[in-house]
Amino acid sequence: MPFLPVAAEQARFFLRELDWGGQFIGTALNPTLGNTPIYIYSLAEANKFFAAGHTSLGTLGGSSRVGISWVEAPEFVRWVRDSLQDLELAIVIERALAEAAGPSGQADAGSAADAAADAATDAAADAAAAAAAAAQSPLLPYLKQAKIMAELVHVRLLQLREVLDNAE
């Protein structure tokens with residue numbers, strides 16, 4: 001697992017639904033329906049948003065509604081860090097994006113999990129370096145960025161839910 005263990009109280013905190021003003025606004029890009037802002041108030045909603053359309057023109061709502069779940073990666077990471085207050089997830093995403101982009105901007109999606117695992121062990125110490133490296137993420141094609149963010153959000157959500165399930 002790419003994340004350090006958390007206590008049940010911390011898991012509840014990270015899974016909470018934010019109040020108005022703390023939301024993140026993603027965009028559902030759809031060639032037939034146009035762009036639709038999607039308000040995201042929790043990690044669970046972020047997971048659902050990414051799952052709706054992030055890989056190779058995944059579906060948004062099924063049938064012929066083909067589209068992409070779009071976020072600006074640095075803005076999403078900032079929301080995770082500042083609003084959700086999940087510093088570890090934010091750093092893991094930054095590091096995974098930077099690692100996947102590599103020094104020449106060539107993607108290596110297979111290394112995202114490795115970068116995430118490394119980031120979990122030294123998350124606090126590397127926060128500044130990861131933020132600087134994440135600035136290079138525009139070199140990484142968006143669909144690969146979205147796939148990395150979606151996978152890490154999903155893994156974190158599963159981890160936090162498992163902690164709560166075991167606490168009951």
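Please read these numbers as outputs of a predicted model, since none were measured by experiment.

Reading the values: the criteria
- Residues numbered from 1 in each chain as written.
- Predicted model: local features only at pLDDT ≥ 70, side-chain atom pairs only at ≥ 80, totals over all residues.
- Heavy atoms only, no water.
- Pairing = 2+ DSSP bridges.
- Helix = DSSP H or I, 4+ residues; strand = E, 2+ residues; numbered from the N terminus.
- Axes fitted to C-alpha atoms, helices over the stretch in contact; angles between N-to-C directions.
- Salt bridge = Lys/Arg side-chain N within 4 Å of Asp/Glu carboxyl O.
- Buried < 20%, exposed > 50% of the residue type's maximum accessible area, 1.4 Å probe, protein only.
- Parallel < 35°, antiparallel > 145°, perpendicular 65-115°, else oblique.
- Left-handed = near helix turned anticlockwise from the far one by under 90°.
- Contact = heavy atoms within 4.5 Å.
- Nonpolar A, V, L, I, M, F, W, Y, C, P; charged D, E, K, R; others polar.
- Phe/Tyr/Trp six-rings, centres within 6.5 Å; stacked < 30°, edge-to-face > 60°.

J.: Help me understand the sheet that holds strand β3 (residues 68-70), please; the structure alone is not making it clear to me.
T.: Strand pairing in a sheet is mediated by backbone hydrogen bonds. Such pairs are either parallel or antiparallel. Taking strand neighbours across the sheet as the criterion, the three strands line up as β2-β1-β3 in an open arrangement whose pairing is antiparallel. The strands lining the two open edges of the sheet, one partner per strand, are β2 (34-40) and β3. The sheet shows a mean angle of 30° between the axes of neighbouring strands, direction not considered. With three bridges connecting them, strand β1 (residues 24-30) and β3 associate as antiparallel partners. Looking across to β3, one finds that leucine 29 is bridged to isoleucine 68.

J.: Sorry, what's going on with the pattern of salt bridges here?
T.: Side-chain pairs of opposite charge can arise whenever the charged atoms involved come near each other. Tallied over the entire structure, the rule returns six salt bridges. Among the salt bridges present, the one from arginine 81 reaches glutamate 94, with a minimum N-O distance of 3.2 Å. You can see arginine 81 sitting in helix α3 (residues 73-82) and its partner glutamate 94 sitting in helix α4 (residues 87-101), a full 13 residues away along the chain. The class for arginine 81 is partly exposed, based on a relative accessible area of 28%. The partner of glutamate 151 in a salt bridge is lysine 147, with the nearest N and O atoms 3.4 Å apart. With glutamate 151 and lysine 147 both in helix α7 (residues 142-167) and four residues apart, the pair spans about one turn of that helix.

J.: Explain the packing of helix α2 (residues 43-52) against α7 to me, please; I cannot follow it from the model alone.
T.: Two elements in contact, α2 and α7, have axes whose closest approach is 9 Å; the angle formed by their N-to-C orientations is 140°. The angle between the axes of α2 and α7 places the two elements in the oblique class. Viewed along their axes, α2 and α7 form a crossing whose handedness is left-handed. Listed contacts from α7 to Leu43, Ala44, Ala46, Asn47 and Phe50 of α2 are Ala146, Met149, Ala150, Val153, His154, Arg156, Leu157, Leu160 and Arg161. A breakdown of the residues in the contact of α2 with α7 according to their chemical character gives ten nonpolar, two polar and two charged.

J.: Could you clarify how one ought to interpret the side chain of asparagine 47 in this entry?
T.: Along the chain, asparagine 47 turns up in helix α2. By relative accessible area, which is 15% here, asparagine 47 ends up buried. If we skip the residues at most four places from it in the chain, asparagine 47 touches Ala150, Val153, His154 and Leu157.

J.: Please clarify how the packing of aromatic side chains should be interpreted in this entry.
T.: Each pair of aromatic rings is reported with the distance of its centres and the angle of its planes. Applying the stated criterion across every chain, the model contains nine aromatic pairs. Ring plane angle 35° and centroid distance 6.4 Å describe the contact between tryptophan 20 and tyrosine 41, whose orientation is recorded as tilted. Of the two residues, tryptophan 20 sits in the loop between α1 (8-15) and β1 while tyrosine 41 sits in the loop between β2 and α2, which places them 21 residues apart along the sequence. For tyrosine 41, a relative accessible area of 15% translates into the label buried. Following the ring pairs from residue to residue traces out a cluster consisting of Phe24, Phe49, Phe50, Phe76 and Trp79.

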